[in-house]
Each structure stands twice: as C-alpha cells, then as structure tokens.
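Chain by chain, the residues:
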Amino acid sequence: MSLRLRLNLLLGLLNLGFLATLAVLTTSNMRASIQEEITAAHRVTVQLLGTAAQTSSLMGPAPAVMQNFLQRLGRVRANEIRLYGTDGRLRYVSPPSHYKEGRVAPGIFVHLMRAHIDKTLIDLPGARLEIIPDDSRAVLDAWDDLTILFLLWLAFFVTLHLALLWFLRHLLRPAEALLGGLDQLAHGNFSVQLPPSPVAEWDELTSGFNTVAVALQRGQREQRQLALTTQALTENREVTQMIEAGIEAERKRLSRELHDELGQSVTAIRLIATSLARHRDAGPELAANAGKIAEIAAGLYDGVQRIVRELRPAVLEQSNLATALEEIAREWRTLHPEIGLQLTCTGDCSELGEELTLTAFRAVQESLTNVLKHAAARQVEIAVTQSDEILTLDIRDDGCGAPSQPGTRRGLAGMRERAVALGGTLEACPVATGGFRVMLSLPIHPKGKNP
Ligand SMILES: Nc1ncnc2c1ncn2[C@@H]1O[C@H](COP(=O)(O)OP(=O)(O)OP(=O)(O)O)[C@@H](O)[C@H]1O
Ligand SMILES: [Mg+2]
C-alpha cells in the first residue's frame, strides 16, 4: 500500500471518528435541548389555557367562550390544541405551523430525538381541552442543523484530502527521483546524481545518495583498475614462469651437452694421456707431460661433473627436494669444511612437483652462494618444512647480516619473482641478533599443479 493511500486512510479514519463523536455529542445535546424546549413551551401553554378555562366559565357558556379565545389565540408554539364538546365532537383544532411547512425530518431521526411529554387534558364545563406537545419543528430544526454540520464537515473533509493529495504528490516527488536513481544504480550506472531538494530531510537523503553514487563510481573505477592490475600480474607471472621454464630447459640442455660432449672428450684425453705416459717408447719427459695432461684432464672432468650437477642435479629429475638438498649439503661440506651446514627436512618432500622442487632448490642454491659471497659466516642452517598446504624454507646464517643494497642484484629478486609466480612469498633480511635470514613460503597445489 502506497504512503499516500496510507496517510489518506489514516486521516479519513480520524476524520470519521471525529465526525462520529461530534454526531453523538451533538444529537445528545439536541435531544436534551428539544426535550427542555418542548417541556417549557407545553408548561406555559397549559398554564395559559388552564387560566383561560377558569375564566371562560365566568364569561358565558364555556365552550363558546373558549373556542372564541382559541380562535383569537391561533397557534401556540410547539403545541397542538384541540377542543372537544361533551359529545366528543371536535369543535376546534389549532392551525398547523407555517414554519418549514410541508417538511419533516426522517422517521428514524424523529424517533431518536422525540421529546417524551404526555398530552395534557383540561376539563371545563361542557367541553374538554387537549394540549398535545408537537416537537416536529424542533426536531426538523435539529435535523437541518445536523445536515448543515455534516455538509460543512464533508466540504472540509474533501478539501482536506484534496490538499493532502496535492501536498503528498509535491512532497514525494524527490522520492520518485530517488527511486529512479536507485534503479539506475541497480543497473550499474553509478554516474547518476540527484538535484538538491528544497525540503531539508529530502535534501539530506539526496545528498547522501549522491555521496554513495560517487563512492560506488570510485569503487567501480578502482575495481576496473584492480582487474587490469591483476590481469597484468597474472600475465607477468606467466611470463616469469615461461622464462624460468626456458632457463631450466637451457640448463638441462647445457648440462647434457657438457656431460655428453665435454665429459666424453675430457675422458678420452685422459685415457690417451694415460696410455701415452705408460707407453714403453715414451721418454721420461714425455711420460711426465702425458701424466700431467691425464691429471689435468681428471681435474677438468671433476669440474665438468660439478658444473653438470649444479646446472641440473640428477635427483631433480625425480622431483625429490630432500635428496637434492642433501646432495648440495654433502658437496658443501666437502668444498667448504670451515662453514658448518645443518639441513633439516620435516615432512615428505618427494612429491612436490617439478616447478615447486626447482624453485625451492634454486632458492637454497642462491642463498648458499650469497652466504659465500656476502656473509663471512661460520654456520648455516636450512630448515625445510612441508605441511599439507605449504612448503616453507628457512635459511639462516650467523654472518655479518649486511642489509641489502640497491643495485642490479638479481639473486634475491629472481627468487622472489619465482616464489610470487607460484603464489608464494619470499622475505630476506638481516637478523637482529646477527646473520641473515631468507624465508620462502610456497603453496602446495594438488598434484603439484601451480596457479
Ligand atoms: N647471507 C647473506 N649475508 C649478508 N648479506 C646478504 C646475504 N644474502 C644476501 N645479502 C645481501 O643482499 C644483497 C642482495 O642479494 P642478491 O643475491 O640479490 O644479490 P647479489 O648476491 O649481490 O648479486 P647476484 O645474486 O645478482 O649475483 C646482497 O648484495 C647482500 O648485500
Ligand atoms: Mg646473490
């Protein structure tokens, strides 16, 4: 139900209630007033005619004197007078009232307002007077007054409701604009703005609406910007992943080439140099030189093998991070016995998928290289923890903990990019108690799939 209809109904009911109360009070007042008026008029008439009856018998034959008197008297207010002879014949009846002649109030109203007064009989010699109270004019007056009152009320009622309708239409116009505005918002048009309203409350509402619309428009702009940024970020991640995948593929190819080509050639040189050194025709000088060549070739072979392992540790082929890290640790302890290395793996790190394993492995490689380059540390601790959803790496040393300096440093930045590309994070900073710490966190996706 609309607000207009509700207000009109409410006002209508109040008005009707008012009318009903007014009608009850007025009719009850009118009834009392009619009763009072008719009683007084009747009493006066009875007294007058009683006196006239007493004197009439002294003045001659009472019926004739009284009839004559009554004819001269005419109509007495609110009473009908009848004169009967002793034979019961009606000798005289007072003339009807000319006041509002021919009109009567509705029967039910007459019944409601009737004055309850009995007729009075006065006996005189040879005749009988009947004085009958007649309230019909008084009741008609009351009816007319009530009708005027009702018509006035009706005129007031209709005017009031028309005025109310006009006023509400005028007053609620901003509400229609507001509804239109909300509809526009619902359809995604946030640029809508409502005009100011001269009514203070509406003005507050429309300016509130305008503020909300501006905020929504800003939000929409920011959302679009965010969507663009997210898209760019996703593309960036994809590019980073592609680059990393390309680098890994190139490392793989290089390590295979080094192993297959260079490794074989160096082995051949070593074998030839060894057999030359042992040849019976070789002089001592030739044998010594050949032995040196064999020795250098053996060193070269070890070097090639190390590079091959660094480029692509064999264990990575099975995506087993724990085994790959143990191999790094073993090699570290051999090459750098002066720097202690403690490796702890918690959880099964064998089925993380190639991308995750490689990212974690390269992060450890880069961190250990950094320890050698920057830390001057005596101890390094690597803690790898795999839970159901996350793989964390915590690499800390007890070195100088130098803060990172700006410049074209790619190690940590590259690690961070790889981590972010997989939906993870990387933090690297000096530790307050001394040393440096790198924390890598990578989400583990089902079956090793990455975002
Ligand atoms: N273990 C560490 N101890 C002290 N400082 C470190 C350590 N690891 C990194 N840093 C600091 O962080 C900086 C950035 O490291 P990052 O690996 O990105 O670059 P880099 O090692 O200097 O060069 P790049 O790795 O590109 O050859 C380093 O220059 C160094 O100052
Ligand atoms: Mg580095």
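Scroll up a little and you will see the structure.
Residues numbered from 1 in each chain as written. Chains lettered and ligands numbered in written order. Predicted model: local features only at pLDDT ≥ 70, side-chain atom pairs only at ≥ 80, totals over all residues. Heavy atoms only, no water.

This part is about the overall build of the protein chain. A count of helical and extended segments in the protein chain gives ten helices and nine strands. Over its C-alpha trace the protein chain gives a radius of gyration of 61 Å, far above what one expects of a compact globule, namely 22 Å for 451 residues. In terms of principal-axis extent, the alpha carbons of the protein chain reach across some 205 × 40 × 40 Å. Counting the 451 residues in the protein chain, one finds 35% classified as buried. Pairs at least 24 residues apart make up 68% of the contacts formed inside the protein chain by residues separated by at least 6 positions. Surface exposure of the protein chain reaches about 27,500 Å², of which carbon and sulfur atoms provide 60%. (Helix = DSSP H or I, 4+ residues; strand = E, 2+ residues; numbered from the N terminus. Rg over C-alpha atoms; globule rule 2.2 N^0.38 Å. Buried < 20%, exposed > 50% of the residue type's maximum accessible area, 1.4 Å probe, protein only. Contact = heavy atoms within 4.5 Å. Areas by Shrake-Rupley, 256 points an atom, 1.4 Å probe, with all protein chains shown as cover.)

Looking at the magnesium ion (ligand 2), the protein donor atoms are Glu366 (OE) and Asn370 (OD1), and they sit 2.0 to 2.1 Å from it. Of this pair, Glu366 and Asn370 both sit in helix 9 (residues 354-375), separated by four residues, roughly a single helical turn. On the basis of relative accessible area, Glu366 is assigned to the partly exposed category, the value being 22%. Note on Asn370: relative accessible area 16%, which makes it buried. (Donors = N, O, S within 2.8 Å, 3.2 Å for Na, K, Ca; no water.)

So, about the pattern of salt bridges. Scanning all chains against the criterion turns up 16 salt bridges. Here Asp87 ties to Arg89 by a salt bridge, and the two come within 3.8 Å at their closest N and O atoms. Overall, the relative accessible area of 59% leaves Asp87 in the exposed class. For Arg418, the salt bridge is made with Glu248, and the minimal N-O distance between the two is 3.7 Å. Here Arg418 is found in helix 10 (residues 411-421), whereas its partner Glu248 is found in helix 6 (residues 200-278), with 170 residues between them in sequence. Put simply, Glu244, Glu248, Arg251, Arg362 and Arg418 are held in one network by salt bridges that share partners. (Salt bridge = Lys/Arg side-chain N within 4 Å of Asp/Glu carboxyl O.)

A separate point is the sheet that holds strand 4 (residues 127-133). Strands sit in the order 2-1-4-3 across an open sheet of four strands; the sheet is antiparallel. If you trace the sheet from one side to the other, it starts and ends with strand 2 (90-93) and strand 3 (120-124), each paired once. Neighbour-to-neighbour, the strand axes of the sheet open up by a mean angle of 20°, direction not taken into account. Bridge count between strand 1 (residues 79-85) and strand 4: seven bridges; the pairing is antiparallel. If you follow Ile81 over to strand 4, its bridge partner there is Ile131. Here helix 1 (residues 3-56) sits on the sheet in contact with strand 1, strand 3 and strand 4, set at roughly 5° to strand 3. The strands that helix 2 (residues 62-73) touches are strand 1, strand 2, strand 3 and strand 4; relative to strand 2, the one it contacts most, it runs at about 20°. (Pairing = 2+ DSSP bridges. Axes fitted to C-alpha atoms, helices over the stretch in contact; angles between N-to-C directions.)

Our next topic: the environment of Leu343. Looking at the element boundaries, Leu343 is found in strand 5 (residues 340-346). As for Leu343 and Gln71, which are separated by 272 residues in sequence, their C-alpha atoms are 143 Å apart. When neighbours within four sequence positions are excluded, Leu343 is seen to be in contact with Leu325, Glu326, Ala329, Arg333, Ile382 and Val384.

Let us now look at the sheet that holds strand 9 (residues 436-443). Picture the strands of a sheet paired through backbone hydrogen bonds; they go either parallel or antiparallel. Pairing in this open sheet of five strands is mixed, and the strands run 5-6-7-9-8 from one edge to the other. Of all the strands in the sheet, just strand 5 and strand 8 (425-430) have a single pairing partner and so form its edges. The sheet shows a mean angle of 5° between the axes of neighbouring strands, taken without regard to direction. Alignment of strand 6 (residues 379-386) against strand 7 (residues 390-397), held across seven bridges, turns out to be antiparallel. Each bridged residue has a counterpart across the sheet, and for Ile382 the counterpart in strand 7 is Ile395. Set on the sheet, helix 9 makes contact with strand 5, strand 6, strand 7 and strand 9; between it and strand 7 the angle comes to about 10°. Strand contacts of helix 10: strand 8 and strand 9, with the helix running at about 150° to strand 8, the strand carrying the most contacts.

The angle between the axes and the distance between the axes are what describe a pair of packed helices. Between helix 9 and helix 10, the least distance of the axes is 10 Å, while the angle of their chain directions is 165°. Classified by the angle their axes make, helix 9 and helix 10 are roughly antiparallel. In the packing of helix 9 onto helix 10, the handedness of the crossing is left-handed. Of helix 10, the residues touching helix 9 (which contributes Leu358, Thr359, Arg362, Ala363, Glu366, Ser367 and Asn370) are Gly411, Leu412, Met415, Arg418 and Ala419. Residue composition of the contact of helix 9 with helix 10, by class: five nonpolar, four polar and three charged. (Parallel < 35°, antiparallel > 145°, perpendicular 65-115°, else oblique. Left-handed = near helix turned anticlockwise from the far one by under 90°. Nonpolar A, V, L, I, M, F, W, Y, C, P; charged D, E, K, R; others polar.)

Further remarks concern the nonpolar core. Core analysis: the largest hydrophobic core is formed by 37 residues, its most contacted members being Leu321 and Leu391. Elements with a minimum of two residues in this core: helix 8 (321-335), helix 9, strand 6, strand 7, helix 10, strand 8 and strand 9. Sorting elements by how many residues they give to this core places helix 9 first, with eight residues. (Core = buried A, V, L, I, M, F, W, Y, C linked by side-chain atoms within 4.5 Å.)

Let us look at the site of ligand 1. Near ligand 1 there are 15 residues, and of these Asn370, His374, Asp397, Arg410 and Leu412 occur at the shortest range. Interatomic distance of 2.8 Å between a side-chain N/O atom of His374 and an oxygen atom of ligand 1. In the environment of ligand 1, an oxygen atom lies 3.2 Å from a nitrogen or oxygen atom belonging to the backbone of Gly411. A total of 590 Å² of accessible area belongs to ligand 1 in isolation, and the protein chains cover 87% of it. Those elements that provide at least two residues to the shell around ligand 1 are helix 9 and helix 10. Looking at the shell around ligand 1, the element that brings in the most residues is helix 9, giving six residues. Here the residues of the shell around ligand 1 sort into six nonpolar, four polar and five charged. (Near = heavy atom within 4 Å. Polar contact = N/O pair within 3.5 Å; in protein donor to acceptor, adjacent residues only side chain to side chain.)

Now for the packing of helix 6 against helix 7 (residues 284-311). Helix 7 packs onto helix 6 with a crossing angle of 165° between their chain directions and a minimal axis gap of 8 Å. Relative to helix 7, the element helix 6 is oriented roughly antiparallel. Crossing of helix 6 over helix 7 shows left-handed handedness. Across the contact of helix 6 with helix 7, the residue classes tally to 20 nonpolar, seven polar and two charged.

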